[in-house]
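Examining the three-dimensional arrangement
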Amino acid sequence: MPQINRRATRAVIHLDHIDHNLNCIKKLTGGRSKICVAVKADAYGHGAVEVAKRALQWGVDFLAIATVNEAVILREAGINAPILLFSLPLDAEIPDLVQYGLTPFVGDKSYAEKLNTEAASQKRSIKVHIKVDTGMGRIGVTPHKATELAGFIGTREYLIQEGVCTHFPVSDSPEEDDIRFTKNQISLFQKTVDAIRAIGLDPGIVHAANSGAIIAYSEAHFDMVRAGICLYGYYPDPRMKKPAAFKPVMELVSRVAFLKRVQKGTSVSYGRTWSAPRDSWIATIPVGYGDGYNRLLSGRGRVMINGQSYPIVGRICMDQFMVDLGPVTDVVLFDPVILFGPDDGAMTATDIAGICNSIPYELTCNINKRVPRDYKERTKSL
Ligand SMILES: *Cc1c(COP(=O)(O)O)cnc(C)c1O
């Protein structure tokens, strides 16, 4: 057993907010679409096994990850639900892909053939979803070749064609140009699915919507939606209209590790970029970029202590940073500190993303393994 980690800095994962956000997603889809949840990148930093179990207990239909190894971790935790593989493996990963019963996105015949060969050698059929590139420009078959690929898969003995899908690059954007682009993608995708039906093949589960499209394009919900960032409580773009009150799932907390009063003119942290403009109380917080807390927050971020917001002063170090509490303070040693989270008044990952020129996805993903996860309302075993 690993030792218990009692450090002050922790990521509290509010599992009840996963349920709440899934309820929001169900409401947005009218309950008419299956739900797949993206638990890639350790569930955007929240912990893939815990999030997957919670979402399955709620009733989602599919999980999705990006690497074969991520799926192996889920399987070894006893999770038997269908798992979509969003990204492409090396040839050396295909035996595990088949053995662990993953469902890959397929966009070309040569990959389909390799999958079939491995599945044949293991005598174990696998399900595949045809990935159509209607404008993401990442992976997938071009729309006019999709029927040919569907036909090919239909002739492979160990491949079961279970779904057809596409992906949107700008479904979260309120710009007119981007709306036009997404609508064109939806219609192109619809035509592609129709063409597969027209040659007498069953496309199976039709799916396209990421969080942006779950929120903004009900015509793209089809048979299943693939929820990522909204499951974790954030809009993919803060400029979107907000038809649902998603709740942030991750709360990054710490405690005041040191307190001191400095005189006007005293400099704080590396590079001496900040000096106290007056006599002031300075608190040291034991969190740094070594935890994945972005160094761009130096002199720009804020934290909440006892319901009050305080500015980060000076540079963020690898393991610590400082905040200015002002000339008088009630704050005492080991008072709790909220770096971001669902609390009223606390910064959210979206606020921090705005400061760091990033997106909430990256913010929660970056909180790394040095930060222990505390699961609130732990999921009962499945
Ligand atoms: C990550 C991912 C999603 C989820 O995207 P969000 O914007 O987080 O909702 C859906 N589909 C694919 C193919 C993805 O890679």
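First things first, this report covers the structure right here in the doc. All residue numbers refer to position in the chain's written sequence, counted from 1. It should be noted that, the model being predicted, local features are given only for residues of pLDDT at least 70 and side-chain atom pairs only at 80 or more, the latter also being counted only at that level, while totals for whole chains, interfaces and linings use all residues. Excluded from the side-chain calculation are hydrogens and water; included are all heavy atoms of the structure.

This part covers the layout of surface pockets. The definitions used throughout rest on a 1 Å grid laid over the protein atoms alone, on which a cavity is an enclosed set of points accommodating a 1.4 Å probe that cannot get out and a pocket is an open set flanked by protein within 12 Å on both sides along at least five of seven lines; lining residues are those having an atom within 4 Å of a point. Grid points are joined across faces, edges and corners, and a volume is the space filled by probe spheres set on the points. The calculated volume of the largest pocket comes to roughly 580 Å³. Around the largest pocket, the lining comprises 26 residues; the ones closest to its centre are Lys-40, Arg-138, His-167, Asn-210 and Tyr-361. In DSSP terms, a helix is any run of H or I states spanning at least four residues, a strand is any run of E spanning at least two, and both are numbered starting from the N terminus. Those elements giving two or more residues to the lining of the largest pocket turn out to be helix H2 (40-44) and helix H9 (211-216). The leading source of residues in the lining of the largest pocket is H2, at three residues. In the lining of the largest pocket, the residues fall into 14 nonpolar, seven polar and five charged. Counted as a void, the second largest pocket has a volume near 260 Å³. If you go around the second largest pocket, the residues you meet are Ser-171, Asp-172, Ser-173, Pro-174, Ile-179, Lys-183, Ile-215, Ala-216, Tyr-217, Met-240, Lys-241 and Pro-243. Elements with a contribution of two residues or more to the lining of the second largest pocket: helix H8 (176-198) and H9. The residue classification treats Ala, Val, Leu, Ile, Met, Phe, Trp, Tyr, Cys and Pro as nonpolar and Asp, Glu, Lys and Arg as charged. All others, Gly included, are polar. Of the residues in the lining of the second largest pocket, the class split is seven nonpolar, two polar and three charged.

This part takes up the site of the ligand. Neighbouring residues of the ligand: Lys-40, Tyr-44, Phe-86, Arg-138, His-167, Asn-210, Ser-211, Arg-226, Gly-228, Ile-229 and Tyr-361. Pairs of N or O atoms are called polar contacts if they sit within 3.5 Å, as long as, within protein, a hydrogen donor faces a hydrogen acceptor (for residues adjacent in sequence, only side-chain-to-side-chain pairs). Within the contact set of the ligand, an oxygen atom lies 2.5 Å away from a side-chain nitrogen or oxygen of Ser-211. Measuring from a nitrogen atom of the ligand, one finds a side-chain N or O atom of Arg-226 at 2.9 Å. Across the complex, the protein chains shield 93% of the 390 Å² of accessible surface that the ligand would expose by itself. Being in a pocket or cavity means that more than half of the molecule's atoms lie within 2 Å of its grid points. Here the ligand occupies the largest pocket. Any residue with a non-hydrogen atom lying within 4 Å of a molecule or strand is treated as near it. Under the convention used here, a 1.4 Å probe and the Shrake-Rupley method define accessible areas, while residue burial counts only the protein chains that appear.

The terminal C-alpha atoms of helix H6 (residues 109-122), which comprises 14 residues, lie 20 Å apart, in line with the 20 Å expected from a rise of 1.5 Å per residue. Only heavy atoms enter the contact rule, under which two residues are in contact if any of them lie within 4.5 Å. On its buried side, H6 packs onto strand S4 (83-85), helix H5 (94-99), strand S5 (103-106), strand S6 (126-131), helix H7 (146-155) and strand S7 (159-165). Of the residues flanking the start of H6, the one acting as N-cap is Asp-108, its side-chain oxygen 3.2 Å from the backbone nitrogen of Ser-110. Phi for Lys-123, located one or two positions after H6, is positive at around 50 degrees. Under the convention used throughout, the expected extent of a helix is 1.5 Å for every residue step, that is, one less than its residue count.

Residues Val-39, Leu-63, Tyr-293, Phe-321 and Val-323 are the most contacted members of the largest nonpolar core, which totals 115 residues. Both domains that meet at this core, namely domain 1 (33-232) and domain 2 (250-376), each give it at least three residues. Setting aside its immediate chain neighbours within four residues, Val-39 contacts Ala-48, Val-51, Ala-52, Leu-63, Ala-64, Ile-65, Leu-74 and Tyr-232. By nonpolar core is meant a set of buried Ala, Val, Leu, Ile, Met, Phe, Trp, Tyr and Cys residues that side-chain atoms within 4.5 Å join together. When a residue's accessible area, from a 1.4 Å probe over protein chains only, is under 20% of the maximum for its type it is buried; when over 50% it is exposed; and in between it is partly exposed. Counting residues in each nonpolar core, the second largest holds seven residues, with Trp-274, Ala-276, Ile-282 and Met-322 among its members. Domain borders in the structure are assigned automatically or taken from a domain database.

It is worth spelling out the environment of Pro-82 at this point. Take Pro-82: it is sitting in the loop between helix H4 (68-76) and S4. Judged by its relative accessible area of 32%, Pro-82 falls in the partly exposed class. The sequence separation of Pro-82 and Cys-36 amounts to 46 residues, and the corresponding C-alpha distance is 9.3 Å. Each residue touching Pro-82, except ones within four places of it in the same chain, is listed here: Asp-61, Phe-62, Leu-63 and Arg-75.

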